[in-house]
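Listed below, chain by chain, are the residues.
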Amino acid sequence: MTSWARGREEIIGMLQRRELTQVVADAELAERMLSTARRHLTSAEALAAADPYLAYAALHDAVRKSLAALLQIHGLRATTTGGHLAVQYAARAQFGASMGAILRPVDRIRTTRHESEYPTSSTWIDEDSVRDDLPAATAVVDAAQRALHHLSPFIL
């Protein structure tokens, strides 16, 4: 089995910096992670009016877990050093060219969620914030689902 080439150098750098670690590739776990991401999207939609801050956190978690599922198929996982950014950067390294438009809102969603968790006086998340970003988050989860079975483990 050969290793994929797109983003390879970035992934190796992330492994060397301990932002990612190698784990056993597990398709069943990746599928469960995507199922969880889908449930988070449903929760975000249901909670948008009643609790938009929690809904937005669910929206972000859906995006993050769907990208982490792609890493899982590769036998990779973010470390506490790499955190949420490592998941995002690794996905962009491999899929930037093919999923560029889909991945574009990911950083904004992560930043908005971070601001909602650590608010300032200007932080405001409302139902519209959730509903505006729900299609973008859904697109990321859908793209991850489509890509999942076409991926192979990362081999150094």
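Residues numbered from 1 in each chain as written. Predicted model: local features only at pLDDT ≥ 70, side-chain atom pairs only at ≥ 80, totals over all residues. Heavy atoms only, no water.

### Concerning the side chain of Ser116
Applicable threshold: In this text, helices come from DSSP runs of H or I with a minimum length of four residues, and strands from runs of E with a minimum of two, each type numbered from the N-terminal end. It only takes one pair of heavy atoms within 4.5 Å for two residues to be counted as in contact.
In this fold, Ser116 is placed in helix H5 (residues 106-117). Not counting the four nearest positions on each side in its chain, Ser116 is found in contact with Tyr53, Thr123 and Ile125.

### Here we look at the environment of Arg92
Structurally, Arg92 is set in helix H4 (residues 83-103). Measuring from C-alpha to C-alpha, the distance between Arg92 and Arg32 comes to 22 Å, with 60 residues separating the pair along the chain. Excluding anything up to four places from it in sequence, Arg92 contacts Leu103, Arg104, Val106 and Asp107.

### A closer look at the packing of helix H3 (residues 52-74) against H5
How two helices pack is summed up by the angle between their axes together with the distance between the axes. Put simply, the rule reads: Between the N-to-C directions of two axes lies an angle of 0 to 180 degrees, each axis being a line fitted to C-alpha atoms and, for a helix, fitted only over the stretch in contact. Roughly parallel refers to an angle under 35 degrees, roughly antiparallel to one over 145, roughly perpendicular to one between 65 and 115, and oblique to any angle outside these ranges. Each crossing gets its hand from how the near helix is turned against the far one by less than a right angle, where anticlockwise is left-handed and clockwise is right-handed. Polar here means any residue outside two lists: the nonpolar Ala, Val, Leu, Ile, Met, Phe, Trp, Tyr, Cys and Pro, and the charged Asp, Glu, Lys and Arg; Gly therefore counts as polar.
Two elements in contact, H3 and H5, have axes whose closest approach is 9 Å; the angle formed by their N-to-C orientations is 140°. It follows from the interaxial angle that H3 and H5 lie oblique. Pair H3 / H5 crosses with left-handed handedness. Counted together, Tyr53, Tyr56, Ala57, Leu59, His60, Val63 and Leu67 of H3 and Val106, Arg108, Ile109, Arg110, Thr112, Arg113, Ser116 and Glu117 of H5 form the full contact between these two elements. Classifying every residue of the contact of H3 with H5 gives eight nonpolar, three polar and four charged.

### Remarks on the nonpolar core
Filter applied, for reference: Side-chain atoms within 4.5 Å are what join buried Ala, Val, Leu, Ile, Met, Phe, Trp, Tyr and Cys residues into a set we call a nonpolar core. Type-normalised accessible area, obtained with a 1.4 Å probe on protein chains alone, sets the label of each residue: buried when under 20%, exposed when over 50%, and partly exposed for intermediate values.
Ranked by internal contacts, the top residues of the largest apolar core, which has 46 residues, are Ile11, Leu20, Leu67 and Leu70. Those elements that place two or more of their residues in this core are helix H1 (8-16), helix H2 (27-47), H3, H4, H5 and helix H6 (127-148). For this core, the element with the most residues is H3, which contributes twelve residues. Discounting chain neighbours no more than four positions away, the residues touching Leu70 are Phe95, Ala144, Ala147, Leu148 and Leu151.

### Comments concerning H1
Among the residues making up H1, those that are buried are Ile11, Ile12, Gly13, Met14 and Leu15. Positive backbone phi, approximately 60°, marks Arg18, located one or two places after H1.

### Describing the pattern of salt bridges
Operational definition: Should a side-chain nitrogen of Lys or Arg be within 4 Å of a carboxyl oxygen of Asp or Glu, the pair is scored as a salt bridge.
Per the counting criterion, the structure on display carries seven salt bridges. Across the salt bridge formed by Glu28 and Arg32, the nearest N and O atoms sit 3.4 Å from each other. Highlighted residues: Glu28 and Arg32, both in helix H2, separated by four residues, approximately one helical turn. The class of Arg32 is partly exposed, set by a relative accessible area of 47%.

### Looking at H6
We count it as follows: Every helix has an expected span of 1.5 Å times one less than the residues it contains. In this scheme, the bend at a residue equals the angle between the axes fitted to the seven residues that finish there and the seven that begin there.
Along its 22 residues, H6 runs 31 Å from first to last C-alpha, staying within 8% of the 32 Å computed at 1.5 Å per residue. In H6, a bend of some 35° at Leu134 exceeds every other bend along the element, and Pro135, a proline, comes one to four places later. Turning to H6, its buried residues number three or more, namely Ser129, Val130, Asp133, Leu134, Ala136, Ala137, Val140, Val141, Ala143, Ala144, Ala147 and Leu148.

### Topic: unusual backbone geometry
With phi around 60°, Arg18 is a residue other than glycine that occupies positive phi space. Along the chain, the position of Arg18 falls in the loop between H1 and strand S1 (20-22). In this structure Arg18 comes out as exposed when scored by relative accessible area, which is 62%.

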